[in-house]
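Residue strings, one per chain:
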Amino acid sequence: MMVMDEPHSVRKMMMNIAFAGAAAVLVTAAGGTGWLRHRLDAYGEWFVRNGNLLEGLARTLCLTAALILGGVIFSRLRQRLGEEKTVAQRPGQPDVPWLQRLQASAAERLSEQDRKAITMFVELIVDPARSRSRLAETVDLDERAVRQQVSISFALPDAEDGGRALYIPILQPIKGELVDNFQLQSAGGSSLPTLSYEETTKLAAAGLRLILMEIFAAKDAPSPPKTLDEPVRAAELAMLQIVATRGPLHTGQVHGRLDVILEEIKFPDDDSRERVRKYVAALSWSYPIVAVVSTVDASSGRFLIKYERTFVPASLTTSWRGLLRLGLGLKPDKVAIPVELALTAESYHLRVNAPANKYVIKQYLQCRHCRVLLTRQWRGRAPVGIPADEDRAGKKPDNKRHLCAHELDQTRSATDDDRVTDHHFRVRRKRGQNFVHVYMRGYSRAAPKLRDLQLITTFKETPPGARGRAAITALATTLLLAVAGNLLNSPQGTQVGGLPALMLALPAVAASWFGLSSDKDALVGGSLLARLSLVVSGVVSVIAVVLYLSSPPPSAPAPIAGGSIADPLTFVGITDWRWITLCIVSALNLTYISYRFALKLVHFNDLIRREDLGAGDFAWR
């Protein structure tokens, strides 16, 4: 719910109206003439001689002041749009009695029937890649909202011993993040049930209790203990507070609190301590979406789960080119897709689908911070900086190397054979297709993880596309300008009346129609060059119409002796320098857009004539 300060808002609105009124008066004064020219004649001869100069200076000052006021109004309105605030309310946090009830429910839930299912849940939270054999992600860019489809193949050999149902964490969105249009299905297409927030929290608490009971069980005990010592139970309650906290927690804060809590427990070894830390840390920043799968469906030990969601991507438009595309009504032509899911499965496939009238022209697999292309010699490392530095003012892609989570493995060379590497990737070769296919294997086993990798893809329209339409429009504009310019030089121009004006207006109409009819709903848009060419054709056509209607009727030229230096210079038969200028501008526009269209056509033809190499090609080739 949006809350506005009404008196403050009304006061700002009245000030904006006053500024707008003053700017309107200044613009009127800047556009008017004669209001100051002779007003100062009585003050001396100098004012009589320089009346036009004084009025020109005054009009320039009025225009400058109007532009300044316009900038002030623009900045105030922009600030107002960004100052809308929601009610400052922190989500309600769990209190101690609620946590104690959660702790008690965790102890009661550890029945023999659910124990193995909870054990599988814990393992899938701590190390999801161990049970995910293959993950295929498909991203569709047909609409404004990106549609993501993911299918996950699980390999759980002991699934039939997990009781009546298995609890499979499918997705771990950040706490507070809304998952739009989420659909969860089995391999057969039937919907799968998911746990609610309260059920997931109880399951997470039961998993923490199970880990602690297994760690502190006696070596010769036939089964884990049913109760825990008081120091362990106190530490468990503190860790449950981290897990049940609503809203994301800072990573450094979580690990700092865990250091203090785990210091109070005497673990038998460091591996046990690290297992508890991983489990609590994983649940401190995310709410896992847990699917309930019947053990009957997973009796073979292998099963597949699919989910689908939509999300609106963020815009990274900062350059003048991006702002120009936005101003001309064009969608971005470059898309960045994170490949973080490759760290959660042994084998990972990513396919990015663009609309049918697009093709891939560039594709890079690179680090999100330093923009360096990925190689097989990379290995993971802990970043030197913290993610919060990324959004700090003044930070640019070139000085974010302290956030990189990769380094070069000096023990391996670029000529190492693929069979001896522990991780591998491929990118589908460009052959004029409208999709990108990335394959990654073994990145889930790396320690530390090779994080913050992304796929950068650039799409262009398949020929003829917008460039073909722009070239046709530029050709029509140039021909009509040449015809109209020649008619003005001949007495026959009076016989055709306003027909040339109608002819000259057609390219402007065509330019506006072609511009408006291009990909309005697709996420990736058309050609900036084509849109600029259409703008030039439209502007030249409008100027030509105004110039034609304001020109006097043509008359017969005076006879000039042949070979005389008084012969007028012509351009395709046009003698008026204004029409020559318009025709040259249109011809240059036609030449450049035709050249770029031909280049694109030849390049696309080269792509579709490539042979399929089968194994694909690297991203940097």
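Computed from a prediction, not measured in an experiment: that's the story for all the values here. (Residues numbered from 1 in each chain as written. Predicted model: local features only at pLDDT ≥ 70, side-chain atom pairs only at ≥ 80, totals over all residues. Heavy atoms only, no water.)

Caption draft 1: A look at the overall build of the protein chain. Summing up its helical and strand segments, the protein chain has 14 helices and 16 strands in all. Each of the 621 residues in the protein chain was classed as buried or not, and the buried ones make up 42%. The contacts in the protein chain between residues at least 6 apart in sequence include a share of 79% that link residues at least 24 apart. When the accessible surface of the protein chain is totalled, it reaches about 34400 Å², and 59% of it is carbon and sulfur. (Helix = DSSP H or I, 4+ residues; strand = E, 2+ residues; numbered from the N terminus. Buried < 20%, exposed > 50% of the residue type's maximum accessible area, 1.4 Å probe, protein only. Contact = heavy atoms within 4.5 Å. Areas by Shrake-Rupley, 256 points an atom, 1.4 Å probe, with all protein chains shown as cover.)

Caption draft 2: Geometry of the environment of Gln366. Mapped onto the elements, Gln366 comes out in strand 11 (residues 358-367). Judged by its relative accessible area of 8%, Gln366 falls in the buried class. Sequence separation between Gln366 and Pro338 is 28 residues; the distance between their C-alpha atoms is 9.8 Å. The contacts of Gln366, once residues within four sequence positions are left out, are Arg371, Val372, Leu373, Leu374, Asp452, Leu453, Gln454 and Ile456.

Caption draft 3: Just the environment of Met13, in detail. Its place among the elements puts Met13 in helix 1 (residues 6-31). The class for Met13 is partly exposed, based on a relative accessible area of 39%. Put simply, Met13 and Arg76 are 63 residues apart on the chain and 9.7 Å apart in space, counted from C-alpha to C-alpha.

Caption draft 4: Examining helix 8 (residues 251-263) more closely. With 13 residues, helix 8 extends 18 Å from end C-alpha to end C-alpha; this agrees with the ideal 18 Å at 1.5 Å per step. For helix 8, the full list of buried residues reads Val254, Leu258, Ile261 and Leu262. Taken around the axis of helix 8, the buried residues stretch over an arc of 85°, which confines them to a single face. Facing away from the buried side of helix 8 by more than 90 degrees, the exposed set consists of Val260 and Glu263. (Expected span 1.5 Å × (residues − 1). Arc of directions from axis to C-beta.)

Caption draft 5: Up close: the pattern of salt bridges. Scanning the model with the defined rule gives 15 salt bridges in all. Between Glu308 and Arg147 there is a salt bridge, with its nearest N and O atoms 3.7 Å apart. Here the residue Glu308 occupies a position in strand 8 (residues 302-311), and Arg147 occupies one in strand 4 (residues 146-155), the gap between them amounting to 161 residues. On the basis of relative accessibility, which here comes to 32%, the residue Arg147 falls in the partly exposed class. In this structure, Arg379 and Glu407 form a salt bridge, with 3.1 Å as the shortest nitrogen-oxygen distance. With Arg379 in strand 12 (residues 378-380) and Glu407 in strand 13 (residues 406-408), this pair connects stretches of sequence that are 28 residues apart. Given the relative accessible area of 29%, Glu407 is considered partly exposed. Each of Glu123, Asp127, Arg130, Glu214 and Arg275 takes part in one network of salt bridges that share partners. (Salt bridge = Lys/Arg side-chain N within 4 Å of Asp/Glu carboxyl O.)

Caption draft 6: Fine view of the nonpolar core. Ile168, Ile170, Ile305, Leu350, Val352 and Met440 are the most contacted members of the largest nonpolar core, which totals 51 residues. Ignoring sequence-local partners within four residues, the contact set of Ile170 consists of Arg132, Ile152, Phe154, Leu184, Ile289, Ala291, Ile305 and Tyr307. (Core = buried A, V, L, I, M, F, W, Y, C linked by side-chain atoms within 4.5 Å.)

Caption draft 7: Expanded view of the packing of aromatic side chains. The tally for this structure, following the rule as stated, stands at five aromatic pairs. Ring geometry for Tyr592 against Tyr595: centres 6.3 Å apart, planes inclined by 45°, an arrangement best described as tilted. Taken together, the positions of Tyr592 and Tyr595, both in helix 14 (residues 577-608) and three residues apart, correspond to about one turn of that helix. Note on Tyr595: relative accessible area 49%, which makes it partly exposed. Over the ring of Phe435 we find Arg351; its NZ or CZ atom is 3.8 Å from the centre of that ring. Here Arg376 stacks its cationic end above the ring of Phe425, 6.0 Å away from the centre of that ring. (Phe/Tyr/Trp six-rings, centres within 6.5 Å; stacked < 30°, edge-to-face > 60°. Lys NZ or Arg CZ within 6 Å of the ring centre and 35° of its normal.)

Caption draft 8: Layout of unusual backbone geometry. Backbone torsion omega between Pro463 and Pro464 reads 0°, so that peptide bond is classified as cis. Following the sequence through the fold, Pro464 ends up in the loop between strand 16 (453-461) and helix 11 (465-488). The phi angle at Arg371 is positive, at roughly 65°, despite the residue not being glycine. Summarising the element assignment, Arg371 is placed in the loop between strand 11 and strand 12. Taking relative accessible area as the criterion, Arg371 reaches 42% and is therefore assigned partly exposed. With a phi close to 60°, Asp452 is a non-glycine residue in the positive phi region. Within the secondary structure, Asp452 is located in the loop between strand 15 (435-441) and strand 16.

Caption draft 9: Examining the sheet that holds strand 6 (residues 180-186) more closely. As summarised here, the arrangement of the seven strands in space is 6-8-4-3-10-15-14, forming an open sheet in which the pairing is mixed. Only two strands of the sheet have a single partner each, and these edge strands are strand 6 and strand 14 (424-427). In this sheet, neighbouring strand axes are inclined to one another by 10° on average, regardless of whether the strands run parallel or antiparallel. Of the strand pairs in this sheet, strand 14 and strand 15 are connected by four bridges, and their pairing is antiparallel. By the bridge assignment for strand 15, Arg426 is matched with Tyr439. (Pairing = 2+ DSSP bridges. Axes fitted to C-alpha atoms, helices over the stretch in contact; angles between N-to-C directions.)

Caption draft 10: Summary view of the packing of helix 8 against helix 9 (residues 270-284). Contact geometry of helix 8 with helix 9 gives a least axis separation of 11 Å together with a crossing angle of 140°. You can see that helix 8 and helix 9 cross each other, and the crossing is right-handed. Contacts between helix 8 and helix 9 pair Val254, His255, Leu258, Asp259, Leu262 and Glu263 from the former with Arg273, Val276, Arg277, Val280, Ala281 and Ser284 from the latter. Taken together, the residues of the contact of helix 8 with helix 9 break down into six nonpolar, two polar and four charged. (Left-handed = near helix turned anticlockwise from the far one by under 90°. Nonpolar A, V, L, I, M, F, W, Y, C, P; charged D, E, K, R; others polar.)

Caption draft 11: Summary view of the packing of helix 7 (residues 230-244) against helix 9. Viewed as axis vectors pointing N to C, helix 7 and helix 9 meet at an angle of 35°, and their least axial separation amounts to 7 Å. Contacts from Met239, Ile242 and Val243 of helix 7 reach helix 9 at Val276, Val280, Leu283 and Ser284. Looking at the contact of helix 7 with helix 9 residue by residue, the class counts come to six nonpolar, one polar and no charged.

Caption draft 12: Main features of the sheet that holds strand 16. Here we have three strands laid out as an open sheet, ordered 9-16-11, and antiparallel in their pairing. Taken across any chain shown, the strands that pair with only one partner, and hence form the sheet edges, are strand 9 (334-338) and strand 11. The average angle at which neighbouring strand axes cross in this sheet is 20°, direction not considered. Bridge analysis of strand 11 against strand 16 gives nine bridges, and the strand direction is antiparallel. Bridging across to strand 16, Gln363 finds its partner in Thr457.

Caption draft 13: Helix 4 (residues 96-109), seen in detail. Between the first and last C-alpha of helix 4 there are 20 Å, a value that for 14 residues agrees with the 20 Å anticipated at 1.5 Å per step. Within helix 4, burial applies to Leu99, Leu102, Gln103, Ser105 and Ala106. Take helix 4 and look down its axis: the buried residues cluster within an arc of 165°, on one side only. Away from its buried face, by an angle of more than 90 degrees, helix 4 presents the exposed residues Arg101 and Glu108. For helix 4, the secondary structure elements touched by its buried residues are helix 6 (197-215) and helix 7.

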